[in-house]
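Remarks on the overall topology
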Amino acid sequence: MSTYVTTNPTTGTTEQEFTGLPDDQISVVAERAAEGFEEWRRTPVAERARALARTADLYEERATELAAAITKEMGKPAQEAAEEVQLAADIYRWYAEHGPDLLTTERLDPQGAEESVVQTLPIGPLVGVMPWNYPYYQVARFAAPNLLLGNSIILKHASICAASSKLMADVLHEASVPENAYINVYASSGQIAELLAHPAIRGVSLTGSERAGAAVATEAAKNLKKSVLELGGSDPFILLDTDDMAETVRVAARARLSNAGQACNSPKRFIVLDDLYDDFVQGLVAEFERAVVGDPSDPETEVGPLSSVTARDTVADQIRTAVRQGATLHTGGKPLDGDGAFLAPAVLTGITPEMDAYSEEIFGPAAMVYRVFSADEAVRLANDVEFGLSGSVWSTDTARAAEVADRLDVGMAYINEHGTTLPGLPFGGVNRSGYGRELGRWGMGEFVNAKLRRTA
Ligand code: NDP
């Protein structure tokens, strides 16, 4: 049994302790989820949709409380926390409105007298393992489509998000999702492995690190359960040309520093054509130095602390290693004085393939800028990592940008924007960024029994 302890990363103070799931309760939880599944799958879809619509309303009604909880437990600036709560509400509402139409029964072309139909059905209890960087959004994009489908859920959130994960469960239950159709657990990694071995469980979705993804996917595979993985990324931001460098740099800095740089699909590698490179680096350094780093509950703050001192120290170490290996640090990269998990935003250049930073994800407020001499070289560099989550191409010539975007080995390619997430758009990556898709109709296609019924 593990205890979840939450620590405020702004102050370093311990906030709360949550008692973990006792070992003898693992099979009890799995069996409860199986009962929840039987009840929930038989609940008419219109009622399931109403529960999701009500969930969306409750997120909006309780927005202040929900936003404050994540500002306290993982340090998200107040404005971004409010936006995340709204995005989660939008996702629940999107599935409430569009989900029922996606539960199709497709009639295949008759080949004589016989009839073949394919129904879209749930598969059973699922486990969700979710990370701390977007506590509400990450859960919503897994829970909303699967609850609409009729699957039941056991949710293990990151241990630092114990308070917000309880709030999420409370909201769903208040919205009439049965207690056994959505179960919040404070489980350890070992207990997740045991849950996945339980015969009642049918699948698992994880968002997080490659290490956690590989561990959970291994357990799932051993037990012949389906998995969906949304892992890290080192997204390229390719700048081909611009007619407004000041604005391009502002947008680039905002995208990189959002959530203190702790987003899987944040642009982490800025790949800039030679004639723009010097101005871009100079502009980005100025933006990073201007960004207000501080208390995330202060509305003026643009960059809050990282999620923990350990997370901050990992990023600071990666930057130090890059410099030791020959990279140039133009600004930032040092922990700020005090007990909080703050790091001054960093700009690195001169990264070469031999350096660790070239191939690693830096999960914090640090930008790596590369100089290239052609669009072909930009594409080669962009694709020369094992990740493949998303990427963006920036140009006044959108046709030229589209040609480049089409050559990126990613799950999501953007032109003149980076990382837009909407409930109806698919989200997911290729290669070591994971497999499977979330959101939109694709998010409802992962844990589905596409069941054939054929009548002779
Ligand atoms: P983890 O991947 O360790 O945590 C994500 C979730 O997985 C948490 O709920 C965690 O639980 C759980 N978990 C971890 N290991 C296992 C396991 N073996 N079995 C079952 N569940 C497990 O992320 P970290 O917090 O350690 O962050 C490390 C790095 O991961 C970051 O620096 C970043 O590179 C990447 N990351 C990527 C994210 C993304 O959005 N793609 C999100 C978060 C991190 P617990 O909290 O209890 O350990």
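See the structure above.
Residues numbered from 1 in each chain as written. Predicted model: local features only at pLDDT ≥ 70, side-chain atom pairs only at ≥ 80, totals over all residues. Heavy atoms only, no water.

Focus: the site of the ligand
Taken together, 24 residues form the shell around the ligand, and within it M130, W132, S209, L231 and E361 come nearest. M130 has a polar backbone atom sitting 2.8 Å from an oxygen atom of the ligand. Taking 860 Å² as the accessible area of the ligand by itself, protein coverage stands at 80%. Because more than half of its atoms lie within 2 Å of the grid, the ligand is assigned to the largest pocket. Every element with two or more residues in the shell around the ligand is listed here: α7 (189–197) and α8 (210–222). Examining the composition of the shell around the ligand, we find that four residues originate from one element, α8, more than from any other. A class-by-class count of the residues in the shell around the ligand yields 12 nonpolar, eight polar and four charged. (Near = heavy atom within 4 Å. Polar contact = N/O pair within 3.5 Å; in protein donor to acceptor, adjacent residues only side chain to side chain. Areas by Shrake-Rupley, 256 points an atom, 1.4 Å probe, with all protein chains shown as cover. 1 Å grid on protein atoms, 1.4 Å probe; cavity = no way out; pocket = protein on both sides within 12 Å on 5 of 7 lines; lining within 4 Å. Sits in = over half its atoms within 2 Å of the grid points. Helix = DSSP H or I, 4+ residues; strand = E, 2+ residues; numbered from the N terminus. Nonpolar A, V, L, I, M, F, W, Y, C, P; charged D, E, K, R; others polar.)

Focus: helix α9 (residues 245–257)
With 13 residues, α9 ought to run about 18 Å at 1.5 Å a step, and its terminal C-alpha atoms sit 18 Å apart, in line with that. The inward-facing, buried residues of α9 contact β10 (235–239), β11 (267–273), α10 (274–290) and β14 (366–372). Note on α9: the residue one or two positions beyond its end, N259, has a positive phi of about 55°. (Expected span 1.5 Å × (residues − 1). Contact = heavy atoms within 4.5 Å.)

Let's talk about the pairing of β14
Counting buried residues in β14 gives six out of seven residues, a clear majority hidden from the surface. Bridge analysis of β11 against β14 gives five bridges, and the strand direction is parallel. Note that in β14 the partner of V272 across the bridge is R371. Note that strand β13 (residues 346–349) and β14 share four bridges and pair parallel. What sits directly across from V347, in β14, is A367. (Buried < 20%, exposed > 50% of the residue type's maximum accessible area, 1.4 Å probe, protein only. Pairing = 2+ DSSP bridges.)

Structural notes on unusual backbone geometry
We note that A260 has phi near 55°; this positive angle belongs to a residue other than glycine. In this fold, A260 is placed in the loop between α9 and β11. The phi angle at N431 is positive, at roughly 55°, despite the residue not being glycine. Considering the arrangement of structural elements, one finds N431 in the loop between β16 (412–415) and β17 (434–435).

What about the sheet that holds strand β9 (residues 226–230)?
Read from one edge of the open sheet, six strands run β7-β6-β5-β8-β9-β17, paired in mixed fashion. Looking at which strands have only one partner, the edges of the open sheet turn out to be β7 (182–185) and β17. As judged from the five bridges shared by strand β8 (residues 203–207) and β9, these two strands associate in the parallel manner. Pairing of T207 across the sheet is with E230, part of β9. Along the sheet face, helix α5 (residues 135–149) touches β5 (126–129), β6 (153–156), β7, β8 and β9 and points at about 175° away from the line of β6. Docked against the sheet, α7 engages β5, β6 and β8, running at close to 160° with respect to β5. (Axes fitted to C-alpha atoms, helices over the stretch in contact; angles between N-to-C directions.)

A word on the sheet that holds β14
Read across the open sheet, the seven strands follow the order β12-β13-β14-β11-β10-β15-β16; overall the sheet is mixed. Two strands close off the open sheet at either side, each with one partner strand: β12 (328–331) and β16. Taking each pair of neighbouring strands and ignoring which way they run, the sheet shows an average axis angle of 20°. Relative to β13, helix α11 (residues 309–324) is tilted by about 30°, and along the sheet it contacts β12, β13 and β14.

Focus on helix α14 (residues 398–405)
All of the buried residues in α14 are A401, V404 and A405. Buried residues of α14, seen end-on, are gathered within an arc of 100° and therefore sit on one face of the element. In α14, the exposed positions angled more than 90 degrees off the buried face are occupied by A399 and E403. Between the side-chain oxygen of the N-cap and the backbone nitrogen of A399 there are 3.1 Å, and the N-cap of α14 in question is D397. (Arc of directions from axis to C-beta.)

Side note on the packing of aromatic side chains
Tallying each qualifying case throughout the model produces 13 aromatic pairs. With a centroid separation of 6.0 Å and 85° between ring planes, the pair formed by Y134 and Y137 is classed as edge-to-face. Across the pair, exposure class does not vary: Y134 and Y137 are buried alike. Through pairs of rings, three or more aromatic residues link up here, namely F237, F270, F280 and W394. Against the face of F447 rests K226, its NZ or CZ located 6.0 Å from the ring centre. (Phe/Tyr/Trp six-rings, centres within 6.5 Å; stacked < 30°, edge-to-face > 60°. Lys NZ or Arg CZ within 6 Å of the ring centre and 35° of its normal.)

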